[in-house]
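Residues per chain are reported as follows:
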Amino acid sequence: MVDHLAVMAQQKRQIETERAGGWLEAIHRWAIRKPTILRPSHSIGLALGGGFARGIAHVGVLKVFEQYQIPVRYIAGVSAGAMVAAAYASGSTPDEIGKIGAAMRFADVARWCLSRMGLVASERMDLFLHKLLKNFRFEDMKIPLGIVATDLATGEPVFFHGRGEVKPPIRASCSYPGLFQPVRHDGKLLVDGAMSMEVPAALLRRMGATRVISVHLPIQQLTGPGPSNMLQVVNRCFQIMQARTEHEWREHSDLVITPDVSGMEWDAFGSAEKLIQAGEIAALECIPRIKAWLDLGPAPSPKTKPVSVSQLPSGSSPAAA
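Here the residue numbering is sequential within each chain, running from 1 through the sequence in written order. For a predicted model such as this one, the threshold for reporting local features is a pLDDT of at least 70, and the threshold for listing and counting side-chain atom pairs is 80 or more; totals across whole chains, interfaces and linings nevertheless cover every residue. To get the side-chain values, take all heavy atoms of the structure and skip hydrogens and water.

Chemist: Is there a simple way to think about the overall build of the chain in this case?
Modeler: Helical segments are the DSSP runs of H or I of at least four residues, strand segments are the runs of E of at least two, and each set is numbered from the N terminus. Within the chain one finds nine helices and ten strands. Burial analysis of the chain (321 residues in total) assigns 48% to the buried set. Only heavy atoms matter for contacts: two residues are in contact if any of them lie within 4.5 Å across the pair. When contacts within the chain are restricted to residue pairs at least 6 apart in sequence, those whose partners lie at least 24 apart make up 77%. Computed with a 1.4 Å probe, the accessible areas rest on the Shrake-Rupley method; for each residue, only the protein chains presented here act as cover. Entry remark: accessible area of the chain is about 16600 Å², with carbon and sulfur atoms responsible for 54%. Exposure classes here rest on a 1.4 Å probe applied to the protein chains alone. A residue is buried below 20% of its type maximum, exposed above 50%, and partly exposed in between.

Chemist: Is there a simple way to explain the nonpolar core in this structure?
Modeler: Soluble, globular proteins show a tendency: their nonpolar side chains are buried together. Phe65, Ile75, Leu145, Ile170 and Ile290 are the most contacted members of the largest nonpolar core, which has 89 residues in total. Among the elements that take part in this core, helix H9 (residues 272-294) stands out by supplying eleven residues, more than any other. With near-sequence residues (within four places) excluded, Ile170 lies in contact with Ala82, Met83, Ala86, Met125, Leu129, Leu133 and Ile147. Nine residue types can take part in a nonpolar core, namely buried Ala, Val, Leu, Ile, Met, Phe, Trp, Tyr and Cys, and a core is a set of them joined through side-chain atoms within 4.5 Å.

Chemist: Explain helix H2 (residues 57-67) here, please?
Modeler: For an α-helix, 3.6 residues make a turn, and residues three or four places apart therefore share a direction. Here H2 lies mainly inside the structure; eight of its eleven residues are buried. Of all the positions in H2, only Ala57, His58, Val59, Gly60, Val61, Leu62, Val64 and Phe65 are classed as buried. Count one or two residues on from H2 and you reach Gln69, which has phi positive near 55°.

Chemist: Quick question: what am I supposed to make of the pattern of salt bridges here?
Modeler: Between side chains of opposite charge, a pair can form as their charged atoms come close. The salt bridge definition used is simple: a Lys or Arg side-chain nitrogen within 4 Å of an Asp or Glu carboxyl oxygen. Evaluated as defined, the whole model comprises eight salt bridges. Salt-bridge contacts for Arg205 lead to Asp254; the nearest nitrogen and oxygen are separated by 2.7 Å. Residue Arg205 is found in helix H7 (residues 201-207), and its partner Asp254 is found in the loop between helix H8 (230-251) and strand S10 (255-257); the two are separated by 49 residues along the sequence. Judged by relative accessible area, which is 29%, Arg205 ranks as partly exposed. Classification of Asp254 as partly exposed rests on a relative accessible area of 22%. Here the salt bridges share partners, and the residues they tie into one network are Lys63, Asp95 and Glu280.

Chemist: What is the right way to read the pairing of strand S2 (residues 72-78) from this model?
Modeler: Two faces, one strand: in a regular strand the side chains alternate between the faces of the sheet. Counted residue by residue, S2 has six buried out of seven residues, so it is predominantly covered. At this point the chain moves from strand S1 (residues 44-48), through H2, to the parallel S2, and the crossover so formed is right-handed. At least two bridges found by DSSP between two strands are what make those strands a pair. Judged from the four bridges that link them, S2 and strand S5 (residues 145-151) form a sheet pairing that is parallel. Paired with Ala76 across the bridge in S5 is Gly146. A crossover counts as right-handed when, viewed with the strands pointing away from the observer, the path leading from the first strand over the helix to the second turns clockwise.

Chemist: What exactly am I supposed to notice about empty space enclosed by the protein here?
Modeler: The rolling of a water-molecule-sized probe over the atoms marks out the regions of remaining empty space. The method works on a 1 Å grid over the protein atoms by themselves. A cavity is a set of points holding a 1.4 Å probe that cannot get out, a pocket is an open set with protein on both sides within 12 Å along at least five of seven lines, and residues with an atom within 4 Å of a point line them. Grid points are joined across faces, edges and corners, and a volume is the space filled by probe spheres set on the points. In the structure shown here, the tally under the stated rule is two cavities of 30 Å³ or more. Roughly 210 Å³ of internal volume is contained in the largest cavity. Lining the largest cavity are 20 residues, with Phe52, Ala80, Met83, Val84 and Met104 sitting closest to its centre. Secondary structure elements with two or more residues in the lining of the largest cavity: helix H3 (80-90), helix H4 (94-103) and helix H5 (124-132). In this classification, Asp, Glu, Lys and Arg are treated as charged, Ala, Val, Leu, Ile, Met, Phe, Trp, Tyr, Cys and Pro as nonpolar, and every other residue, Gly included, as polar. Here the lining of the largest cavity is composed, by residue class, of 17 nonpolar, three polar and no charged.

Chemist: Explain the pairing of strand S6 (residues 157-161) to me, please; I cannot follow it from the model alone.
Modeler: Residues Val158 and Phe160 of S6 are buried on one face, while the alternating residues Pro157, Phe159 and His161, pointing to the opposite face, are not. With five bridges connecting them, S5 and S6 associate as antiparallel partners. Counterpart to Val148 in the pairing with S6 is Phe159.

Chemist: When you look at the side chain of Ser173 in this model, what are you seeing that I'm missing?
Modeler: Among the structural elements, Ser173 can be located in helix H6 (residues 167-173). Counting of polar contacts relies on pairs of N or O atoms within 3.5 Å, with two restrictions inside protein: one atom must be capable of donating a hydrogen and the other of accepting it, and residues adjacent in sequence are counted only when both atoms are side-chain atoms. In terms of polar contacts, Ser173 uses its side chain to reach the backbone amide nitrogen of Ser79, at 2.7 Å. Once you skip the residues sitting within four places of it in the chain, Ser173 turns out to touch Gly77, Val78, Ser79, Ala82, Ile147, Val148, Ala149, Val191, Asp192 and Gly193.

Chemist: What is the right way to read unusual backbone geometry from this model?
Modeler: Apart from glycine, the bulk of residues carry a negative phi angle, and the bulk of peptide bonds sit in the trans form. The phi torsion at Phe52 lies on the positive side, around 50°, for a residue other than glycine. The topology assignment puts Phe52 in the loop between S1 and H2. Located in the positive-phi region is Gln69, a residue other than glycine, with phi close to 55°. With respect to the helices and strands, Gln69 occurs in the loop between H2 and S2.

This is the structure in structure tokens:
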């Protein structure tokens, strides 16, 4: 009986020794194995500038990004770009945004209301945004969203992101000075975000983006002897100011997409298809570089090529809103 117990104990020790040896061998193999090479990863942020009706060109950029599966981790907008950014962040598709944008008219977002602070009130924009957006708070957005307005008292940009209602910041960011009345929000008097930050690249850096793609919609240069009405005067002031501050947002941008919308009028909603095509063409040119960031290999051929927009209709008084 004693001999039998001794044999069983010896067998148990042998099994434990072999098991320990197996563990040690596995650890040794793990330690000397060839290390896994991790592909570089970037959090892409998309910054959308203003342009009123010309902001519909942002839809073309979004369509191309979805077609080539470019992951937008953060999105921010100024003025018209704030509308598009909020709609996309809320879950609206580029096609849905484009359809609503094409049907939009100035009266959908503005009401003539003479005041010492501006000619137009923007309360109607709430109803329009209710159709455009699928969520109405920053914390409910499917993609982290940022919006920029300008504090009229200090001249500094005001950043909105993280928490809170979305519609008041959008209205503020779209309040083109001299035309729209300023928006009072959180104790501040706010106007167009483009007054302090033409493209919100810096905000995306603050939100966590490691690669920032900025979409710039340049204001059309005036032709002829000079401005002939109030809007053209304000528009020209925007041009002068933004030309002097352009280097600031470019310093925070890794890539700038510039759709050719220079010939479009500020209220060219009827040209939505051409605006979207202009955004597609400009975005397609940048896909190889973005793909290189993501190390996803060569970009596939697009399913359909957008129609070339070599000649766009001319206009005389675009706005920056």
